Amino acid sequence: MMLAYSILMFVIAALFLVFGILIQKGNTKLIHDYHQTRVKEEDKREYGKAFAKAMYSIVLTLVLSGVVALFGETKTIVAASTIILLVGLIASFVLIVKVQKKYNGGMF
């Protein structure tokens, strides 16, 4: 069961990594329009880089959670993997909110 969880985490992390790289290279069209309605055109490149960094933190979170899950199916391992996932995702979303506030003036 935990092997399947780890594989799922790694696949999702790979997808986030690809999207992060594309966004970092300037393809901010991958971010929904309403999240960048007030981002100035001259700030789009920096916005993409900052947003990508937050996405990379999601990648790191997913990979760490998946790696920990490979250590077994004990309650401790499952709890550690889940805590890493939750704390990492919360921290990552806080980063996204900060990027949105800085470049867009808010989430929407």
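Structure's up top.
Residues numbered from 1 in each chain as written. Predicted model: local features only at pLDDT ≥ 70, side-chain atom pairs only at ≥ 80, totals over all residues. Heavy atoms only, no water.

K.L.:
Is there a simple way to think about the environment of I12 in this case?
P.N.:
Summarising the element assignment, I12 is placed in helix α1 (residues 2-24). For I12, a relative accessible area of 26% corresponds to the partly exposed category. Between the C-alpha atom of I12 and that of I58, which follows or precedes it by 46 residues, the distance is 9.7 Å. (Helix = DSSP H or I, 4+ residues; strand = E, 2+ residues; numbered from the N terminus. Buried < 20%, exposed > 50% of the residue type's maximum accessible area, 1.4 Å probe, protein only.)

K.L.:
Explanation requested: the pattern of salt bridges in the structure shown.
P.N.:
A side chain with one charge can pair with a side chain of the opposite charge if their charged atoms come near. Evaluation of the coordinates by the stated rule reveals one salt bridge. One salt bridge connects K49 with E46, and the closest N-O pair in it is separated by 3.9 Å. Taken together, the residues span about one helical turn, with K49 and E46 both in helix α2 (residues 44-69) at a distance of three residues. Exposure remark for E46: the relative accessible area of 40% places this residue in the partly exposed category. (Salt bridge = Lys/Arg side-chain N within 4 Å of Asp/Glu carboxyl O.)

K.L.:
What should I look at first to understand helix α3 (residues 75-104) in this one?
P.N.:
Because each turn of an α-helix spans 3.6 residues, side chains separated by three or four positions end up pointing in the same direction. Look at α3: 42 Å from first C-alpha to last across 30 residues, which is about the 44 Å you get at 1.5 Å a residue. Looking only at α3, the buried set comprises I77, S81, L85, G88, S92, I96, V99, Q100, Y103 and N104. Lining the buried residues of α3 we find α1 and α2. Positioned one or two residues after α3, G105 has a phi angle of 80 degrees, which is positive. (Expected span 1.5 Å × (residues − 1). Contact = heavy atoms within 4.5 Å.)

K.L.:
I'm lost on α1 in this one. Help?
P.N.:
With 23 residues, α1 ought to run about 33 Å at 1.5 Å a step, and its terminal C-alpha atoms sit 32 Å apart, in line with that. For α1, every residue scored as buried is listed here: M2, S6, M9, A13, G20 and I23. Positive phi shows up at G26, right after α1, with a value of about 115 degrees.

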